[in-house]
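Chain by chain, the residues run as shown.
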Amino acid sequence: MTLEEMNTTKRFVADLVRTYNENYTQFQLATYNETQVRVDFVNRFFRLLGWDVDNERGLPQHLREVTHEATVVVEENGVHRSKKPDYSFKVGTEVLFFLETKKPAVNITVDAAPAFQLRRYGWSGNLKISVLTNFSDMYIYDCSIRPREGDDIGVAMIAHYHFDEYVEKFEEIYKMLSKESVLEGEFERQFS
């Protein structure tokens, strides 16, 4: 991405952040659900990272870059169960990371259950990293570390961003999570 393209993209990120900030109280209500935050903010944010979130290219199911409600098999109390991470991101047929979304009313900076859920998905999928967000906050976790019930939210955390940092830290986020980073080998260098 050229400097000019990055600056243009950051302006779109700033628009998202401004909209979220201006309506923050409304988004914190329990009635503002997970699907709404995905449609209003998360999908748009990951489009800005270069991902074809809505399969606009019309790729067949097995080659889609982003699969909504992906499937992963996890062990739960000694039994293998199919679970549904909100998104899987891939290039070709290789899954790179899962993204789990919670509604903004779920405080993922305090509640450790969403982090455990995401890390278990990533561990079970044999992924290097996975991402947790409610748009207010975004966490990137190392999924090579086995999750344990009762783990603190800081266990295996690679990065944490608050929404008011998304513009300032966008290049850093882009370097970790963008499709371009994957295609240029930066993702593999960072998380190998």
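Once that is clear, we can look at the overall build of the chain. Summing up its helical and strand segments, the chain has seven helices and eight strands in all. Seen through its C-alpha atoms, the chain measures out along the principal axes to roughly 50 × 40 × 30 Å. When the 192 residues of the chain are sorted by exposure, 46% land in the buried category. Accessible surface for the chain amounts to roughly 9600 Å². Of this, 48% is attributable to carbon and sulfur atoms.

Empty space among the atoms becomes visible once a probe the size of a water molecule is rolled across them. Approximately 320 Å³ is the volume found for the largest pocket. For the largest pocket, the lining is made up of 13 residues, of which Glu 75, Glu 76, Phe 116, Arg 120 and Arg 146 are closest to its centre. Among the elements of the structure, strand 2 (72-76) and helix 4 (113-124) are those that each provide at least two residues to the lining of the largest pocket. A per-class count over the lining of the largest pocket returns five nonpolar, three polar and five charged.

We now examine empty space enclosed by the protein. Here the structure, examined in full by the defined rule, presents one cavity of 30 Å³ or more. When its volume is computed, the largest cavity comes out at roughly 40 Å³. If you go around the largest cavity, the residues you meet are Val 42, Phe 45, Phe 46, Thr 133, Phe 135, Met 138 and Tyr 166. Split into classes, the residues belonging to the lining of the largest cavity amount to six nonpolar, one polar and no charged.

Below, the discussion takes up the side chain of Asp 52. Position of Asp 52 among the secondary structure elements: in the loop between helix 3 (34-48) and strand 1 (66-68). In this structure Asp 52 is buried but unpaired, with Arg 57 as the nearest side chain of opposite charge at 4.8 Å. From its side chain, Asp 52 meets the backbone nitrogen of Asn 55 in a polar contact 3.0 Å long. A distance of 2.7 Å separates a polar side-chain atom of Asp 52 from the backbone nitrogen of Glu 56. Excluding residues that lie within four positions of it along the chain, Asp 52 makes contacts with Arg 57, Glu 65 and Val 66.

Once that is clear, we can look at the pairing of strand 2. Here strand 2 runs beside strand 3 (residues 79-83); their pairing, made up of five bridges, is antiparallel. Each bridged residue has a counterpart across the sheet, and for Val 72 the counterpart in strand 3 is Lys 83. Hairpin connection, strand 2 to strand 3: the antiparallel pair is bridged by two residues, and Asn 77 has positive phi, about 55°.

Note that Asn 43 resides in helix 3. Asn 43 sits in the buried class, given a relative accessible area of 8%. In the structure, Asn 43 is positioned 11 residues away from Asp 54 in sequence and 8.3 Å away in space, judged by C-alpha atoms. Excluding anything up to four places from it in sequence, Asn 43 contacts Arg 38, Val 53, Asp 54, His 68 and Tyr 87.

Each value, and the rule that gives it
- Residues numbered from 1 in each chain as written.
- Predicted model: local features only at pLDDT ≥ 70, side-chain atom pairs only at ≥ 80, totals over all residues.
- Heavy atoms only, no water.
- Helix = DSSP H or I, 4+ residues; strand = E, 2+ residues; numbered from the N terminus.
- Buried < 20%, exposed > 50% of the residue type's maximum accessible area, 1.4 Å probe, protein only.
- Areas by Shrake-Rupley, 256 points an atom, 1.4 Å probe, with all protein chains shown as cover.
- 1 Å grid on protein atoms, 1.4 Å probe; cavity = no way out; pocket = protein on both sides within 12 Å on 5 of 7 lines; lining within 4 Å.
- Points joined across faces, edges and corners; volume = space filled by probe spheres on them.
- Nonpolar A, V, L, I, M, F, W, Y, C, P; charged D, E, K, R; others polar.
- Lys, Arg positive; Asp, Glu negative; His and termini not counted.
- Salt bridge = Lys/Arg side-chain N within 4 Å of Asp/Glu carboxyl O.
- Polar contact = N/O pair within 3.5 Å; in protein donor to acceptor, adjacent residues only side chain to side chain.
- Contact = heavy atoms within 4.5 Å.
- Pairing = 2+ DSSP bridges.

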